[in-house]
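One letter stands for each residue in the lines below.
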Amino acid sequence: MPDIVIRQIPHAGRITLARPDALNAMTYDMCLQIEAALDSWAKDNDVQHIVLDAQGDKAFCAGGDIAQLYDTGMAGDFAFGQQFWADEYRLNAKIFNYPKPVISFLQGFTMGGGVGLGCHGTHRVVGETSRIAMPECGIGLIPDVGGTLILALAPGRIGEYLGTTGYRMAAADAIFAGFADLFVPQDQWSDLIQQLEDGASPDILAQAAQPPDDSLLSALQPDIDKYFAGERLGDIVTTLQQVDSDFAKDTLKLLQRNSPLAMASTIEVLHRLRGPTLSMAKALDHEYRFTYRAMEHGDLLEGIRAAIIDKDRRPKWQYADLRVPAIAVSKMLMPLGKNALTLEDVRMTKTTVCFIGLGNMGAPMAANLAKAGLHVIGYDTAGTTAEGVTPAHSATDAAQGADIVLSMLPNGAILRDVAAAVLPVMKPGALFLDCSTVDVDSARAVARDAQDAGLLFVDAPVSGGIGGAAAGTLTFMAGGSAAAFETAQPLFDIMGQKAVHCGDAGAGQAAKICNNMILGATMIATCEAFALADKLGLDRQKMFDVVSTSSGYSWSMNAYCPAPNVGPQSPADNDYTPGFAAELMLKDLGLSQQAAEAVNADTPMGALALAQYRAFVEDEDGLGKDFSAMLPRFTSRGRI
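For every chain, the first residue of the written sequence is number 1, and numbering continues from 1 onward in sequence order. For this predicted model, a pLDDT threshold of at least 70 governs which residues receive local features, and a threshold of 80 or more governs which side-chain atom pairs are given and counted, while totals over whole chains, interfaces and linings are taken from all residues. Working from all heavy atoms in the structure, the side-chain values ignore hydrogens and water.

Caption draft 1: The arrangement of the overall build of the protein chain in detail. In this description a helix means any DSSP run of H or I spanning at least four residues, a strand means any run of E spanning at least two, and both kinds are numbered starting from the N terminus. Within the protein chain, the secondary structure is distributed over 28 helices and 18 strands. Atoms considered for the radius of gyration are the C-alpha atoms alone. The globule rule reads 2.2 Å times the number of residues to the power 0.38. Relative to the 2.2 N^0.38 estimate, which gives 26 Å for 640 residues, the radius of gyration of the protein chain is 27 Å and therefore close to what a compact globule would have. For the C-alpha atoms alone, the extent of the protein chain along its principal axes is close to 80 × 65 × 50 Å. Within the protein chain, contacts between residues separated by at least 24 positions form 70% of all contacts whose residues are at least 6 apart in sequence. Accessible surface computed for the protein chain: about 26500 Å², of which carbon and sulfur atoms make up 52%. For the purpose of counting charges, residues Lys and Arg are taken to be positive, whereas Asp and Glu are taken to be negative. His and the chain ends are not included. Lysine's charge is taken at NZ, arginine's at CZ, aspartate's at CG and glutamate's at CD. If you average the places of the 48 positive and of the 74 negative side-chain charges in the protein chain, the two averages end up 4 Å apart. Two residues form a contact once any of their heavy atoms are found within 4.5 Å. To be clear on the numbers: accessible area is Shrake-Rupley with a 1.4 Å probe, and residue cover counts the displayed protein chains and nothing else.

What follows is the structure, encoded as structure tokens:
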């Protein structure tokens, strides 16, 4: 018996999965056969639509056949899995973008690879036995096959909940969450398929549809939105641990079964995807970054072993305490460069980028662009360069003919000088993308000059430090027109994890200085609190355990703790070697107060933070240290 039955009858392209004893799990060969059939029917005028169904009552498709992935992975052959995922994701994209209606009948289990096959078409039909889930975190993968697109579009924080817990959706749940369209009683399916084969319009499905039962998932949304609002997995776990409710207890049990690294990466991917640039191509690209590395660096092989090889259901996950370092997630989701997923309609390899300013931040950012396949020409007055970057003799030489000029410069005066030199030689319609942190007036002045020259401009200062620049996990705060932001977005996707369009030109700089004014003040307060705790005899770890889960929670405490050997790894654990230097914090606080004075804003805490960092950097030993090195400063001092 064949694993799949593909035929044309007479007006419909028909695909029937035929492995009922294996819950219709999709093999690599089945994937390639389906793609070939879709390609042949796309331009066949006799084929009006595609109808997908499956044999047996238990499942439409319960996922991919992962046994071969395990065998090849354990033998050290990661290329087989990487090629399988690349080909499968290409199929998922074709279904999503198919030029004709694609109709799927999803009885029983539809999970993993089955979602990629059955949940990206135009008409997704569910019935009484339908159970749809994305349980990949249970074997050390993230939801893939384009599933993160649906999860990112789901209401509220439903996507985070479904993606990390593997919750099985009944028909009403699937419709609510966006995985299905219509509930039709299953005793009508055979007749409807016959009509579709005979040339009937897919409109007959809506006519046959009935209201499903109430959605339990919908009823859970208030709790889900409340407890899954955290930025990272650790935030979600901490919130759930503080609540004495059946929902919190049950959810923690679900999370404790799955791979922490996969769950943390799932949450990160969903947060990166949400926004105006969400697309199937972007979702698949981020999924492939993880799956490409899943066997060698993730938990996939261990997850398959525990689930289907030894079947002991006792996987030995990395980060079993559910506290996954941000750098571990970043490494799994870094751009793949020349190995990046390529879909037929998504190519950016011909873009030429001029990168001006190859210092501690600019050099790794430029290198990541080059690794992603862009042609990067770089210039720095100090003569520095970066891996994969073609050096130029001057900024004007680098800018000529470039599609995008990107700058990373020390201050607004230098930005104005560089803009005066390169704007006249840039080709019409090109983008000037400035990622420096400068004063708002300079950003807006350069934006006006760029507009007068017929060019696009975006000011996009960054957050994330040198580590984020190297890992490709920066956050960009962008100001400029919608068209300019859209042009810059592919670069943001390569260099960072998030880009927020804050408004018109200058809005990015405004957001950055407001953010860093908060950061400077809260870091000082965090260091003061640790110093006080020391003198009160309170153990630093105990203080962290309390504050990190209480109202004193902050990024300075939880993610960048200034106390060595407390909390996640931070510069404090490396003798305060800078991740974000104190002198850079001084600069940003200075910009905040300059802006506050210009618009007559009262910012007393910002002014005090500026005075503290000025003394630390200019009069004490803070120059060249991380901005969190305020802690030893306070511990060594008494009350003034």
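Caption draft 2: Layout of the side chain of Ser130. Residue placement: Ser130 occurs in the loop between strand E7 (123-126) and strand E8 (131-133). Between buried and exposed lies partly exposed: a residue is buried under 20% and exposed over 50% of the maximum accessible area for its type, with that area taken using a 1.4 Å probe on protein chains only. On the accessibility criterion, Ser130 (1% relative accessible area) is buried. A polar side-chain atom of Ser130 sits 2.8 Å from the main-chain amide nitrogen of Gly127. Discounting chain neighbours no more than four positions away, the residues touching Ser130 are Leu106, Gln107, Gly108, Met169, Ala170, Ala171 and Gln186. What qualifies as a polar contact is a pair of N or O atoms within 3.5 Å, subject to a donor-acceptor requirement within protein and to the restriction that residues adjacent in sequence count only when both atoms come from side chains.

Caption draft 3: Spatial organisation of the packing of helix H13 (residues 260-273) against helix H14 (residues 280-297). Viewed as axis vectors pointing N to C, H13 and H14 meet at an angle of 160 degrees, and their least axial separation amounts to 10 Å. Regarding the angle of H13 to H14, the classification is roughly antiparallel. Crossing hand, H13 versus H14: right-handed. Residues Leu261, Ala262, Ser265, Val269, Arg272 and Leu273 of H13 form the contact with H14, whose own contacting residues are Lys282, Ala283, His286, Arg289, Phe290 and His297. Each residue receives one of three labels: charged for Asp, Glu, Lys and Arg, nonpolar for Ala, Val, Leu, Ile, Met, Phe, Trp, Tyr, Cys and Pro, and polar for the others, Gly being one of them. Of the residues belonging to the contact of H13 with H14, the class tally is six nonpolar, three polar and three charged. Here an axis means a line fitted to C-alpha atoms, over the contact stretch when the element is a helix, while the angle between two N-to-C directions is reported on a 0 to 180 degree scale. By definition in this entry, angles of less than 35 degrees are roughly parallel, angles greater than 145 are roughly antiparallel, angles of 65 to 115 are roughly perpendicular, and the rest are oblique. Handedness of a crossing follows from how the near helix is turned relative to the far one, being left-handed for an anticlockwise turn of less than a right angle and right-handed for a clockwise one.

Caption draft 4: View of the packing of H13 against helix H16 (residues 326-333). Relative to each other, H13 and H16 sit at 70 degrees, their axes nearing to 10 Å. Considered as vectors, H13 and H16 are oriented roughly perpendicular to each other. For the crossing formed where H13 meets H16, the hand is right-handed. Touching Leu261, Ala264, Ser265, Glu268, Val269 and Arg272 of H13 are Ala328, Val329, Met332 and Leu333, all from H16. Residue composition of the contact of H13 with H16, by class: seven nonpolar, one polar and two charged.

Caption draft 5: Layout of the sheet that holds strand E6 (residues 109-111). Strand pairing is assigned whenever DSSP identifies at least 2 bridges connecting the two strands. Strand order in the open sheet made by the three strands is E4-E6-E8, with parallel pairing throughout. Every other strand in the sheet has two partners, leaving strand E4 (59-61) and E8 as the edge strands with one partner each. The average angle at which neighbouring strand axes cross in this sheet is 15 degrees, direction not considered. Strand direction decides the pairing type here: E4 and E6, joined by two bridges, are parallel. Note on E6: the bridge partner recorded for Ala59 is Phe109.

Caption draft 6: Structural view of unusual backbone geometry. A positive phi angle, close to 55 degrees, is found at Asn24, a residue other than glycine. With respect to the helices and strands, Asn24 occurs in the loop between strand E2 (12-17) and helix H1 (28-42). Of the residues examined, Asn24 reaches a relative accessible area of 0% and is grouped as buried. Phi at Arg313 is positive, roughly 55 degrees, even though this residue is not glycine. Positionally, Arg313 belongs in the loop between helix H15 (300-309) and H16.

Caption draft 7: Layout of helix H8 (residues 189-197). For H8, the set of buried residues is Trp189, Leu192, Ile193, Leu196 and Glu197. One side of H8 carries all its buried residues, which in axial view fall inside an arc of 140 degrees. Positive backbone phi, approximately 105 degrees, marks Gly199, located one or two places after H8. Each C-beta atom gives one direction from the helix axis, and the arc is the one those directions make.

Caption draft 8: Structural view of H14. The end-to-end C-alpha distance of H14 is 25 Å, a good match for the 26 Å that 18 residues give at a rise of 1.5 Å each. In terms of burial, H14 is a largely internal element, 15 of the 18 residues being buried. One fewer than the residue count of a helix, multiplied by 1.5 Å, yields its expected span.

Caption draft 9: Representation of the confidence of the model for the protein chain. Scored by pLDDT, the protein chain has a mean of 93; 99% of the residues are at 70 or more. In the predicted structure, residues 345-349 sits below a pLDDT of 50 and forms eight contacts with residues beyond four places in sequence or in another chain. As a per-residue quantity, pLDDT reports the predictor's confidence and falls between 0 and 100.

Caption draft 10: Inspection of the nonpolar core at higher detail. What we call a nonpolar core is a set of buried Ala, Val, Leu, Ile, Met, Phe, Trp, Tyr and Cys residues that are connected through their side-chain atoms within 4.5 Å. Core analysis: the biggest nonpolar cluster contains 100 residues, and Leu162 and Phe179 have the highest contact counts within it. Discounting residues that sit within four places of it in the chain, Leu162 has contacts with Met134, Leu151, Tyr167, Met169, Ala177, Phe179 and Leu217. Val376, Leu433, Ala460 and Met495 belong to the second largest nonpolar core, which has 34 residues in total.

Caption draft 11: Expanded view of the pattern of salt bridges. Any Lys or Arg side-chain nitrogen found within 4 Å of a carboxyl oxygen on Asp or Glu counts as a salt bridge. Inspection of every chain in the model, using the stated rule, returns 23 salt bridges. Put simply, Arg157 and Glu160 hold a salt bridge, and the shortest N to O gap is 2.9 Å. Accessibility expressed as a relative area gives 23% for Arg157, which makes it partly exposed. Residue class for Glu160 comes out buried when judged on its relative accessible area of 0%.

Caption draft 12: Seen up close, the sheet that holds strand E3 (residues 49-54). The strand order across the open sheet built from six strands is E1-E2-E3-E5-E7-E9, with neighbouring strands paired in mixed fashion. Since the sheet does not close on itself, it has two edges, and those belong to strand E1 (4-9) and strand E9 (182-183), each with one partner. Alignment of E2 against E3, held across six bridges, turns out to be parallel. Residue pairing across strands places Leu17 opposite Ala54, the latter belonging to E3. Sheet contacts for H1: E1, E2 and E3; angle to E1, the most-contacted strand, approximately 10 degrees.

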